[in-house]
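Summary of the model geometry
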Amino acid sequence: MKASGGKTIYGAALGILMLETRFPRIYGDMGNAATWPFPVLYKVVPQASPDRVVRQGAHGLLPDFLSAAEDLVRMGADGITTNCGFLSLFQDAIAAQVKVPVATSSLMQAPLIQRLLPSDRKVGILTISAESLTPEHLTAAGVDPDTPVAGTLPGCEFNRVILEDEAELNVELARRDNIEAAQRLVNQHPDVGAILMECTNMSPYAADIQQISGRPVFSIYSFMLWFQAGLMPRSFAP
């Protein structure tokens, strides 16, 4: 039996492009390595702050993301993702550059989730910043621009700590902020049959939202479990 080389690191198929941040990455956040049931590779993109990516449309950052994605592939990544749903804007460019599967945004799950639902139900998007999530972001991820969207309130604990990149987070307040945003989504759009979290920092609160809303909840965590299953299929050989 012979082993083939060509990589620097083995056993970690998923490469994650990280914003440059200091806010807490609690258990369940994709930036917390303990969240994953498999090894992952990380690469921080300098100057890619939450404010610049979310509120400023990631203007001027594409070359840095392309370079970081190439670094991850050289390290050994077989697939690339990012830790911000707003980076759907870079999907086509990164995929063309690195020549491996790329899933820049949790939003890319929306068309599949919609297919799972009855014809009278819709997928609804939960985001950290509804005012910043444009039709361009949705279209880049293959999402119908008319999809219902609700966001956490500007200035609330979750919204403020993440977007202002603060060093402390009151987890219970952040949990409440996410639950209240989900409740607004389903109250304003009763036909929402499933909730999709745009923001990767929302994953720790998915179970709470599912329990309170009674809807299935999809996140970057659910997306990457699926993605990883394709990058490194489980062997069932005896």
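Everything below is about the structure printed above this text.
Residues numbered from 1 in each chain as written. Predicted model: local features only at pLDDT ≥ 70, side-chain atom pairs only at ≥ 80, totals over all residues. Heavy atoms only, no water.

Concerning the sheet that holds strand E7 (residues 192-197)
- Across the sheet, four strands lie side by side as E6-E5-E7-E8; this open sheet has parallel pairing. At either end of the open sheet lies a strand with only one pairing partner, and these are strand E6 (149-151) and strand E8 (217-218).
- Of the strand pairs in this sheet, E7 and E8 are connected by two bridges, and their pairing is parallel. Along E8, the bridge assignment pairs Leu196 with Phe218. (Pairing = 2+ DSSP bridges. Helix = DSSP H or I, 4+ residues; strand = E, 2+ residues; numbered from the N terminus.)

Description of the pairing of strand E5 (residues 122-127)
- Of all six residues in E5, five are buried; the element is thus mostly enclosed.
- Bridge count for E5 against E7 is five bridges, and the pairing is parallel. When the bridges of E7 are listed, Leu126 appears paired with Met197.
- Crossover connection from E5 via helix H5 (residues 135-140) to parallel E6: handedness right-handed. (Buried < 20%, exposed > 50% of the residue type's maximum accessible area, 1.4 Å probe, protein only. Right-handed = clockwise from strand over helix to strand, strands pointing away.)

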